[in-house]
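Breakdown of the fold
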Amino acid sequence: MSTHEIAENSNAWPFQEARKIVARLKKHRKDEVVFETGYGPSGLPHIGTFGEVARTTMVRHAFRVLTEDKIKTRLIAFSDDMDGLRKVPDNVPNREMMARHMGKPLSRVPDPFSNDYPSFAAANNARLRAFLDQFGFEYEFLSSTECYTSGRFDATLLRVLEHFDTVMDIMLPSLREERAQTYSPFLPISPRTGIVLQVPILAHDAGAGTITYEDPDAKERVTTLVTGGRAKLQWKPDWAMRWVALGVDYEMAGKDLIDSVRLSGEVCRALGGTPPEGFNYELFLDEQGQKISKSKGNGLTIDEWLRYASPESLSLFMYREPKAAKRLYFDVIPRHVDEYQQFLEAYERQDLRQRLSNPVWHIHSGNPPKPDMPISFSMLLTLVASSNAENAETLWGFIGRYRPGVTPQTHPKFDALVRYAIHYFRDFVLPQKRFREPSEGERGALLDLREALAQLPADASAEDIQQVVYEIGRREPFLDKTGKIKTKDGKPGVALDWFNMLYKVLLGQEKARASARSWRCMGSRIRST
């Protein structure tokens, strides 16, 4: 069977989503399909923002396979930078300066980080775009401010004004009574202060394209056009207006926006449009199980993940179970690094049907690279922890012993993995280490162990090293006196206290269990002590 035929019946979620768009086109024929992701630049870009783009890109590629690339597609990354600043984020500098611009569009609030960008929104937009570019995403970036002020939204804004009462009828039942008293889908922007005003609309004239409101400070009636960036829409009507103006066919959203998607869909229909296809993904949670927030900064940032792991591992995290809530914290990183590699290695052995269900096929748009990792990330972390390697060069010294011929030059991707492991060790493993001084008796045993290990040849196996460790441990007070520990050669058993001591004194860890490579590293460490 062909790729297209298998894709039509694949249970992989990107294909399931893509089939919704195919069905949509049968009802509403178009020459081009528009995918959209939205981003609020009120805080630093975080991994949830990236997740929308990554997942939507997977659906877009699945759609292209289903339609055999006969229909053009576009992905719009849209920034809501016309929104007013309602709260100064907790994780930015110059907060007092930002507070003086409260209520202004994010694109008119000065950059608190530096003088490199004209606004807070521009600085955050640049960070988002740089990251998306780093991943190689194909997208078109659109700024809400530019769309409003350039006139791109003017025709649809006038359509909203024509259906003002219908939009109000849709929105008012969803609001608290107090909020409903002053609600308007249009938010005028004060020509005097530049603030996005939350004021009642006293009159609206669809023919003239104007709204009338009372200036809250001057207490004077003001009539303004709704076009040209002089006013913007409340975010739910704004979302609907954007779907119509840009012809959006697919957009996913978080589970917390289910009601918003419904209301925006109703407004979209009132404007004569068809709401896009999509699904509601589950939210990411922090270490305490709380929803991550851009303004709180309680989740992982994009840069933080990429300090400890590859971009592909992050894409795997996003691919898996998008409708299930998942903790997004540092401890999930090592598992996803290794599981990405496992999927990549499995891909080589799979038939076409299995490959189209393999995450790496979707992560790499149908063209995953060849696997080339001689050691897993978990093993690298064990090597770092066992050797207390302070830098990549030291760690490469150990790697060279176990994988002759593997060098940073021959395996550049693995070299990156080595550096990730060093960073992870320094930031998360090393701070948890608690070394202790050995007692006099333990010190004597360690000296004997060092001497015994020194007698071994340089190419001694892990089993040889382990045997020496056991032999030296067969002394008081480390002998097993319970008789429960059985050995194959009939020799006395060694109590767990011996191994616990080695771990606490040499590695600063509690866990008394070592892999073959750990024994080699521990042996090397004792020899050099």
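Conventions adopted
Residues numbered from 1 in each chain as written. Predicted model: local features only at pLDDT ≥ 70, side-chain atom pairs only at ≥ 80, totals over all residues. Heavy atoms only, no water. Salt bridge = Lys/Arg side-chain N within 4 Å of Asp/Glu carboxyl O. Helix = DSSP H or I, 4+ residues; strand = E, 2+ residues; numbered from the N terminus. Buried < 20%, exposed > 50% of the residue type's maximum accessible area, 1.4 Å probe, protein only. pLDDT = per-residue confidence, 0-100. Contact = heavy atoms within 4.5 Å. Axes fitted to C-alpha atoms, helices over the stretch in contact; angles between N-to-C directions. Parallel < 35°, antiparallel > 145°, perpendicular 65-115°, else oblique. Phe/Tyr/Trp six-rings, centres within 6.5 Å; stacked < 30°, edge-to-face > 60°. Lys NZ or Arg CZ within 6 Å of the ring centre and 35° of its normal. Left-handed = near helix turned anticlockwise from the far one by under 90°. Nonpolar A, V, L, I, M, F, W, Y, C, P; charged D, E, K, R; others polar.

Quick notes on the pattern of salt bridges
Taken as a whole, this structure holds 28 salt bridges when the rule is applied. Put simply, Lys30 and Asp249 hold a salt bridge, and the shortest N to O gap is 2.6 Å. Of the two residues, Lys30 sits in the loop between α2 (13-27) and β1 (32-39) while Asp249 sits in the loop between α10 (235-246) and β9 (253-254), which places them 219 residues apart along the sequence. Note that Arg307 and Asp427 form a salt bridge whose closest N and O atoms lie 2.9 Å from each other. Here Arg307 is found in helix α12 (residues 302-308), whereas its partner Asp427 is found in helix α19 (residues 412-429), with 120 residues between them in sequence. Its relative accessible area of 31% is what places Asp427 among the partly exposed residues. One continuous salt-bridge network, built from bridges that share partners, spans Arg24, Lys30, Asp249 and Glu277.

Some points on the confidence of the model for the protein chain
Of the residues in the protein chain, 93% have a pLDDT of 70 or more, and the chain-wide mean is 90. Within the model, the stretch residues 512-517 combines pLDDT values under 50 with 14 contacts to residues more than four positions away or in other chains.

Considerations on the packing of helix α14 (residues 333-347) against helix α17 (residues 377-387)
Taken N-terminus to C-terminus, the directions of α14 and α17 make an angle of 130 degrees; their axes are 8 Å apart at the nearest point. Taken together, the axis directions place α14 and α17 in an arrangement best described as oblique. Two secondary-structure elements touch here, α14 through Pro334, Val337 and Asp338 and α17 through Phe377, Ser378 and Leu381.

Some points on the packing of aromatic side chains
Applying the stated criterion across every chain yields a total of 25 aromatic pairs. Among the aromatic residues, ring-to-ring pairing joins Tyr308, Tyr329, Phe330, Tyr424 and Phe428 into one connected group. In this arrangement the basic side chain of Arg55 is found over the ring face of Tyr281, its NZ or CZ atom lying 5.4 Å from the centre. Taking NZ or CZ as reference, Arg355 lies 4.3 Å from the ring centre of Tyr347, over its face.

Concerning the packing of α10 against helix α11 (residues 258-270)
Running from amino to carboxyl end, α10 crosses α11 at an angle of 55 degrees, the nearest separation of the two axes being 8 Å. The angle between α10 and α11 places the two elements in the oblique class. Read as a crossing pair, α10 and α11 show a hand that is right-handed. Facing Trp235, Lys236, Pro237, Trp239, Ala240, Trp243 and Val244 of α10, the residues of α11 in contact are Ser260, Val261, Leu263, Ser264, Gly265, Val267 and Cys268. For the contact of α10 with α11, the per-class residue count stands at 10 nonpolar, 3 polar and 1 charged.

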